[in-house]
Amino acid sequence: MESPYIDLFLAIQARIQEQVPEIKYIDQNLGQYMNEEFRKQMLFPCILVDFPVTNFSALQGNNQLGDATIMITLFHDIWNNTNNLTPTAVKEAGLNYLSIDQKVFMALQGWNPDFCTPLMRSQHKSQNSNDIGLVVRETQFNTSFEDYSLGDNETVYKLSLKTK
């Protein structure tokens, strides 16, 4: 492909499918969760992937180093009581989304396709007050890649830093 975002999205999608089989649906985050008609097509738990910010700096010629932000948003639609009066089995079912969230983190933290640096978690947050009736967990990862798409090289983008 001629876009690191396409290849990165497809690689993340494959990695999560392989490592976290509990996730039933993985797509780009195009705001479909805010539209009831599109949300009906989603299977839960699901993940939506976005690339909200990439900062670029100059390399030689027209080549650039991209420092990309990747937002992985987990949506879970099961609500169970988790208060202290609730039986343990019900509480565990209600907290299962946290286990899935951790598995997603473990699948992506330090992992990388061969054209970018290992993904590193930089932020994690919950959206507990939402009007869509879903548990929403966002994890932000960062990675870097070199973009040679305007150069004379056959390589369009590649790993910008050597990994151990």
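Peer 1: Break down the pairing of strand β4 (residues 64–76) for me, citing the residues and quoting the values.
Peer 2: Summarising burial for β4: 10 of the 13 residues are buried, a large majority. Bridge count between strand β2 (residues 46–50) and β4: 5 bridges; the pairing is antiparallel. Among the inter-strand pairings, Val49 is bridged to a residue of β4, identified as Ile72. Direction of pairing for strand β3 (residues 54–58) relative to β4: antiparallel, over a ladder of 5 bridges. Note on β4: the bridge partner recorded for Ala58 is Gln64. Taking the residues that link successive antiparallel strands as the turn, the β3-β4 hairpin has 5 residues, and the phi of Gly61 there is positive, at about 65°.

Peer 1: So what's going on with the environment of Asp131? Residues and values would help.
Peer 2: The residue Asp131 is located in the loop between β5 (120–126) and β6 (135–147) in this model. Owing to a relative accessible area of 72%, Asp131 belongs among the exposed residues under this scheme. Residues Asp131 and Met34, spaced 97 residues apart in sequence, show a C-alpha to C-alpha distance of 9.1 Å.

Peer 1: Describe unusual backbone geometry, naming the residues involved and giving the relevant values.
Peer 2: Geometrically, the link from Phe44 to Pro45 is a cis peptide bond, its omega value of 0° lying close to zero. Along the chain, the position of Pro45 falls in the loop between α2 (36–39) and β2.

Peer 1: Now, about the packing of helix α1 (residues 4–19) against helix α3 (residues 88–108): what can you tell me, with residues and values included?
Peer 2: The N-to-C vectors of α1 and α3 enclose an angle of 125°; their axes lie 10 Å apart at closest approach. On the basis of their axis angle, the class for α1 and α3 is oblique. As α1 runs across α3, the sense of the crossing is right-handed. Facing Ile12, Arg15, Ile16 and Gln19 of α1, the residues of α3 in contact are Val104, Ala107 and Leu108. Class assignment of the residues belonging to the contact of α1 with α3 gives a composition of 5 nonpolar, 1 polar and 1 charged.

Peer 1: Would you mind going over the side chain of Thr86 in detail, with residue names and values included?
Peer 2: Structurally, the position occupied by Thr86 is in the loop between β4 and α3. By relative accessible area, which is 9% here, Thr86 ends up buried. A polar atom in the side chain of Thr86 sits 3.0 Å from the side chain of Asn83.

Peer 1: Quick rundown of the pairing of β2? Include the residues and the values.
Peer 2: Within β2, 4 of the 5 residues are buried, leaving the element largely enclosed by the surrounding structure. Sheet topology places strand β1 (residues 25–28) next to β2; 4 bridges connect them, and they run parallel. Each bridged residue has a counterpart across the sheet, and for Tyr25 the counterpart in β2 is Cys46.

Conventions we followed
For every chain, the first residue of its written sequence is number 1, and the numbers climb from 1 along that sequence. Local features are withheld for residues below a pLDDT of 70 in this predicted model, meaning they are given only at 70 or higher, and side-chain atom pairs are given and counted only at 80 or more; totals for whole chains, interfaces and linings count all residues. Values reported for side chains reflect all heavy atoms of the structure, with hydrogen atoms and water molecules removed beforehand. A simple rule labels every residue: compare its accessible area, found with a 1.4 Å probe on the protein chains alone, to the largest value its type can have, and call it buried under 20%, exposed over 50%, or partly exposed in between. Numbering of helices and strands runs from the N terminus, with a helix taken as a DSSP run of H or I at least four residues long and a strand as a DSSP run of E at least two residues long. Between any two strands, at least two bridges found by DSSP are needed for them to pair. To obtain each axis, a line is fitted to C-alpha atoms, and for helices this fit is confined to the stretch in contact; angles are then taken between N-to-C directions over 0 to 180 degrees. Here the word oblique covers every angle except those under 35 degrees (roughly parallel), over 145 (roughly antiparallel) and from 65 to 115 (roughly perpendicular). Two helices cross in a left-handed way if the nearer one is turned anticlockwise from the farther one by less than a right angle. They cross in a right-handed way if the turn is clockwise. Note on definitions: a residue-residue contact is assigned when non-hydrogen atoms from the two residues lie within 4.5 Å. For this classification, Asp, Glu, Lys and Arg are treated as charged, while Ala, Val, Leu, Ile, Met, Phe, Trp, Tyr, Cys and Pro are nonpolar and the rest, including Gly, are polar. As used in this structure description, the phrase polar contact means that two N or O atoms lie within 3.5 Å; if the pair is within protein, one of them must be able to donate a hydrogen and the other to accept it, and residues adjacent in sequence are counted only when both atoms belong to side chains.

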